[in-house]
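A closer look at the structure
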Amino acid sequence: MLNKQSPLPMYYQIEEDIKKRIAKQEFLPGESIPSERALTEMYDVSRMTVRQAVNNLVQEGLLYREKGKGTFIAEAKMEQSLSGLTSFTEDMKRRGLKPGNKLLSFEVKEAGSPLAKKLGMEADERVYEVRRVRLADDVPMALETTYIPYGLMPELTEEHIQQSFYAYVEALGFTIGRAEQAIEAALADEYQAEALEIPLHAALLGIERLTFTTDGRPFELVQSAYRADRYKFLAEIHRN
Ligand code: 16G
């Protein structure tokens, strides 16, 4: 089944083979994978090689371990389009999942210069700094830190932000226009790991979004950490 002449390492070929089986639904989400011994025999390789392949797939989020129980096939990742300017609440509802919000902190502080510059305000003006864990059917998906110019919505409360922020913004009469977004890789620090219920140093997708109203006013800067084992971002691209 594996090509021992190939320059591709054995563990990598095993990973590819397991991925293929998952794609073909030979292995289904929630099912346990064959034992280490069974895999060793199946691929005719050492336990070390099997272990390396399985560890890599766990790191990638295709498999997950449960203490004392074994290793299982993970659910398929959420596929999030990068082309629409939607809110977390909207995205979850569209998927038929229950959106959840766990408020970790809610503060008003002085913006300071780098933030003020991005939000088009003075450094001594105030911003809300809101930390929320976003949940889908009660499972933590992302950790968001949102900065909002205080002067723009001075009535914002903890209660509002535990619901959809975009719904609140629109209820105020603002029209959400466009956003600038950047994505980069990151590893979970202690705080992120705890909030997202993932291992320390698990892979994350860090997203920064700066969002403007249709009249060009920035109203949020959001730094979010999405679980890389649960999320995949999709974009359609065109030539010219
Ligand atoms: C999404 C947005 C975030 C926005 C939030 C509003 C990304 C990367 N981020 O999570 O910028 O603040 O939705 O969600 O997509 P809400 O209306 O459910 O509070």
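Residues numbered from 1 in each chain as written. Predicted model: local features only at pLDDT ≥ 70, side-chain atom pairs only at ≥ 80, totals over all residues.

Looking at the sheet that holds strand S8 (residues 203-213)
The strand order across the open sheet formed by six strands is S4-S5-S6-S9-S8-S7, and the pairing between neighbours is antiparallel. The open sheet is flanked by strand S4 (99-110) and strand S7 (176-187), the only strands paired with a single partner. When the angles between neighbouring strand axes are averaged without regard to direction, this sheet yields 15°. Direction of pairing for S7 relative to S8: antiparallel, over a ladder of eleven bridges. Bridge pairing links Ile183 to Ile207 in S8. (Pairing = 2+ DSSP bridges. Helix = DSSP H or I, 4+ residues; strand = E, 2+ residues; numbered from the N terminus. Axes fitted to C-alpha atoms, helices over the stretch in contact; angles between N-to-C directions.)

Quick word on the site of the ligand
Around the ligand lies a shell of 15 residues, among which Ser87, Thr89, Ser164, Phe165 and Tyr166 are the nearest. Sorting the residues of the shell around the ligand by element identifies helix H4 (88-94), strand S6 (139-149), helix H7 (165-171), S8 and strand S9 (218-227) as the ones contributing at least two each. Along the lines of polarity and charge, the residues of the shell around the ligand split into six nonpolar, six polar and three charged. (Near = placed C-beta within 6 Å. Nonpolar A, V, L, I, M, F, W, Y, C, P; charged D, E, K, R; others polar.)

Thoughts on the domain arrangement of the protein chain
When its domains are assigned, the protein chain resolves into domain 1 (10-73) and domain 2 (78-234). Taken over C-alpha atoms, the centre of domain 1 sits 34 Å from the centre of domain 2. (Domains from an automatic or database assignment.)

Some details on the environment of Ile161
Relative to the elements of secondary structure, Ile161 occurs in helix H6 (residues 158-161). Between the alpha carbons of Ile161 and Val130 there is a distance of 8.2 Å; along the sequence they are 31 residues apart. Beyond its immediate stretch of four places on either side in the chain, Ile161 contacts Leu103, Phe106, Val130 and Leu156. (Contact = placed C-beta atoms within 7 Å.)

Comments concerning the packing of helix H2 (residues 36-43) against helix H3 (residues 47-60)
In contact at an axis separation of 9 Å, H2 and H3 are set at 110° when each is read in the N-to-C sense. Judged by the inter-axis angle, H2 sits roughly perpendicular to H3. Note on element contacts: H3 touches H2 through Arg47, Val50 and Arg51, opposite Glu36, Leu39, Thr40 and Tyr43. Here the residues of the contact of H2 with H3 sort into three nonpolar, one polar and three charged. (Parallel < 35°, antiparallel > 145°, perpendicular 65-115°, else oblique.)

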